[in-house]
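A structural walkthrough
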Number of protein chains: 2
Amino acid sequence: MDQNLDTDVLGKLKNFLANIELPDDGRLPPERELAQSLDVGRAVLRKALATLQAEGTVWRHVGKGTFLGDRPIDTFADINAMVQRTNPLEVMGARIAFEPEVARCAALNATGVQIAEIRNCMIKAQQAPTWRQYEQWDNRLHRTIGEASQNSLLLGLLDTLNAVRRAVTWGRLRQTPVRPPADHHSFTEHQQIVEAIADRDGVMAADAMRRHLRSVESHMRGMR
Amino acid sequence: MDQNLDTDVLGKLKNFLANIELPDDGRLPPERELAQSLDVGRAVLRKALATLQAEGTVWRHVGKGTFLGDRPIDTFADINAMVQRTNPLEVMGARIAFEPEVARCAALNATGVQIAEIRNCMIKAQQAPTWRQYEQWDNRLHRTIGEASQNSLLLGLLDTLNAVRRAVTWGRLRQTPVRPPADHHSFTEHQQIVEAIADRDGVMAADAMRRHLRSVESHMRGMR
DNA sequence: TGGATAAACCAATCATCAATTGGTTTGCAT
DNA sequence: ATGCAAACCAATTGATGATTGGTTTATCCA
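Residues numbered from 1 in each chain as written. Chains lettered and ligands numbered in written order. Predicted model: local features only at pLDDT ≥ 70, side-chain atom pairs only at ≥ 80, totals over all residues. Heavy atoms only, no water.

- Per an unreviewed UniProt entry, chain A goes by GntR family transcriptional regulator and derives from Phyllobacterium endophyticum.

Following this line, the structure appears as structure tokens:
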């Protein structure tokens, strides 16, 4: 037999790939079809495809198919890994670093509807009859500010941060009073943030958010 | 009729919810079923459910159902999802918002070894013989600054941001010259960042980083 | 004996469609 | 007017069958 059938098939395959038109996603026909088109056995074709895969020309996955180019990144932000390494203090540090800038963007980009929504969250938080509901509206307030930044990536990072925060702070419930006191420090702080955003004052919004989070942090320290 | 049927139904509903056992996901029976169980019309039940939703006791979604507790935020921690929704401009916006604050933390918390490492990355980037290697050292410079913040959560968020950035910018290679010019704008900018961190000047570090990224952004716009 | 082929099977994925569910509208009845 | 029942809408779910890369087995042929 000829000295090297494999490279023969490999050549055939490359030739074939060069001549056909691929769909936008770079997907090439399934093995069985390809084997018929090239008039070779599936096993040999698979060897050739394996080399292509090894040299990075192609990536493949069961049930999906074979594709030209680089395998799309499958990396996902491993929230659990972050949770393992971090602690509540770091979480507050990250919030203090991150959220003021988000607020700044929100002040510059928020729509009128979003501002109204933020204000609504603030009011609902003030009127909350329980701590649980207060925290819920507080969370929603902060996230709506993220949405108002009009930057889906910032929002994604904020969500990641919040997911970690929840996991770290999990199980810590506030039992103390039944409902937030009427003069809760966050109320005026929230108000300053919202007003700054409504005024389209980015610097003020960032400052107000930073003050707010610092205040939360100091109260957190005081609680233990 | 009695003065307030709505609150009546609301009470009935709350009573019902208190007495039945819910599945662990907190899902409660669909409206139609519930209406029969409570022996009320669907419209009135919906009013009651609406109030429950307004006060945050419950969240609902078409096709999913009604659930007790907080609506789970769309934690698209999965990078692919972020990549789908964002674009290069947003990525730069997020970097400009985020990385300066990371640099500020780094200036306050970096160890001597880390400062030396950052400086090394800067030098290696300057001496890089190809754009590819330049970008490699540039990436490493920025990540080392993240490490120097001594906040693993900030570092994790930075990694997430970078993963998205790589995915979005994928395939955009710089072909123009073979190597970065000796007067590349980033060189002096990098130097200012590193010096500010070494001087423990947080404000200066943040400013320098912001200037650097803005510069990168403007060059990016100019490229098209 | 060695290598290739064909066929059958497996598990992951995709495509499709019917059923379910929260929202909305309409008509009827009290 | 107000509540109720029915019908309809659109988003989501769930189940099912087809497709696909991977693996095994049997067969054939030189």
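**Re the packing of aromatic side chains**
All names here are of chain A.
- Applying the stated criterion across every chain, the model contains seven aromatic pairs over all chains.
- When the centroid spacing of 5.5 Å and the interplanar angle of 85° are considered together, the rings of W131 and Y134 count as edge-to-face. Of this pair, W131 and Y134 both sit in helix α7 (residues 131–148), three residues apart, which is roughly one turn of the helix. Each member of the pair W131 and Y134 is classed as buried.
- Through a chain of ring-to-ring contacts, the aromatic side chains of W131, Y134 and F187 assemble into a single cluster. (Phe/Tyr/Trp six-rings, centres within 6.5 Å; stacked < 30°, edge-to-face > 60°. Helix = DSSP H or I, 4+ residues; strand = E, 2+ residues; numbered from the N terminus. Buried < 20%, exposed > 50% of the residue type's maximum accessible area, 1.4 Å probe, protein only.)

**Observations concerning the side chain of Q114 of chain B**
Residue and element names in this part refer to chain B.
- Mapping Q114 onto the fold places it in helix α6 (residues 112–126).
- Given a relative accessible area of 13%, Q114 falls into the buried group.
- A distance of 3.2 Å separates a polar atom in the side chain of Q114 from a polar atom in the side chain of Q150. (Polar contact = N/O pair within 3.5 Å; in protein donor to acceptor, adjacent residues only side chain to side chain.)

**Some words on the packing of helix α8 (residues 152–168) of chain A against helix α5 (residues 88–109) of chain B**
- At a minimum axis separation of 8 Å, α8 of chain A and α5 of chain B run at an interaxial angle of 50°. Considered as vectors, α8 of chain A and α5 of chain B are oriented oblique to each other. When α8 of chain A is examined against α5 of chain B, the residues S152, L153 and L154 of chain A are found in contact with a partner set consisting of E90, V91, A94 and A97 of chain B.
- Residue composition of the contact of α8 of chain A with α5 of chain B, grouped by class: five nonpolar, one polar and one charged. (Axes fitted to C-alpha atoms, helices over the stretch in contact; angles between N-to-C directions. Parallel < 35°, antiparallel > 145°, perpendicular 65-115°, else oblique. Contact = heavy atoms within 4.5 Å. Nonpolar A, V, L, I, M, F, W, Y, C, P; charged D, E, K, R; others polar.)

**A few points about the sheet that holds strand β3 (residues 65–68) of chain A**
Residues and elements named next belong to chain A.
- Ordered in space as β1-β3-β2, the three strands form an open sheet in which the pairing is antiparallel. This sheet does not close on itself; its edge strands, each paired only once, are β1 (27–28) and β2 (58–61).
- Here β1 pairs with β3 via two bridges, running antiparallel. Paired with L28 across the bridge in β3 is T66.
- Helix-sheet contacts for helix α3 (residues 42–54) involve β2 and β3, and the interaxial angle to β2 is about 115°. (Pairing = 2+ DSSP bridges.)

**Some details on the protein's contact with DNA strand D**
- In the region of DNA strand D, 22 residues are neighbours, and E31, R32, R42 and R60 of chain A together with V44 of chain B sit closest.
- Backbone atoms, meaning sugar and phosphate, form 62% of the atoms of DNA strand D found within 4 Å of the protein.
- Side-chain polar atom of R42 of chain A to a base nitrogen of DNA strand D: 2.6 Å apart, as the coordinates give it.
- Contributions of two or more residues to the surface near DNA strand D are made by α2 (31–38), α3, β2 and β3 of chain A together with α3 (42–54) of chain B. (Near = heavy atom within 4 Å.)

**Here we look at the side chain of S149 of chain A**
- Within the secondary structure layout, S149 of chain A lies in the loop between α7 and α8.
- For S149 of chain A, the residues in contact, after removing those within four places along its chain, are V102, C105, A106, N109 and L154 of chain A.

**Focus: helix α9 (residues 185–198) of chain A**
All names here are of chain A.
- Between its first and last C-alpha, α9 extends 21 Å over 14 residues, near the 20 Å set by a 1.5 Å rise per residue.
- Those residues of α9 lying buried are H185, S186, F187, E189, H190, I193, V194, A196 and I197.
- In the segment just after α9, R200 is the residue with positive phi, at about 60°. (Expected span 1.5 Å × (residues − 1).)

**What about the interface of chain A and chain B?**
- Each partner contributes residues to the interface: chain A has 38 residues there, and chain B has 38 residues.
- Of the roughly 3,200 Å² buried where chain A meets chain B, counting both sides, 62% is carbon and sulfur surface.
- Scanning the region where chain A abuts chain B turns up zero salt bridges.
- Applying the counting rule to chain A against chain B returns seven residue pairs in polar contact (both at pLDDT 80 or more).
- Elements supplying a minimum of two residues to the side of chain A that touches chain B: α4 (79–85), α5 (88–109), α7 and α8 of chain A.
- With 12 residues, α8 of chain A is the largest single contributor of residues to the side of chain A that touches chain B.
- In the side of chain A that touches chain B, the residues fall into 17 nonpolar, 11 polar and 10 charged. (Buried area = accessible area lost by both parts, 1.4 Å probe. Salt bridge = Lys/Arg side-chain N within 4 Å of Asp/Glu carboxyl O.)

**Regarding the protein's contact with DNA strand C**
- If you check the shell around DNA strand C, you find 23 residues, and the closest are V44 of chain A together with E31, R32, R42 and R60 of chain B.
- Atoms of DNA strand C within 4 Å of the protein: sugar and phosphate make up 63%, bases the balance.
- Between a phosphate oxygen of DNA strand C and a main-chain N or O atom of G41 of chain A, the distance comes to 3.3 Å.
- R42 of chain B is positioned such that a nitrogen or oxygen atom in its side chain is 2.6 Å from a base nitrogen of DNA strand C.
- Of all the elements in the fold, those that place two or more residues in the surface near DNA strand C are α3 of chain A together with α2 (31–38), α3, β2 (58–61) and β3 (65–68) of chain B.
- Here the surface near DNA strand C gets four residues from one element, more than from any other, and that element is α3 of chain A.

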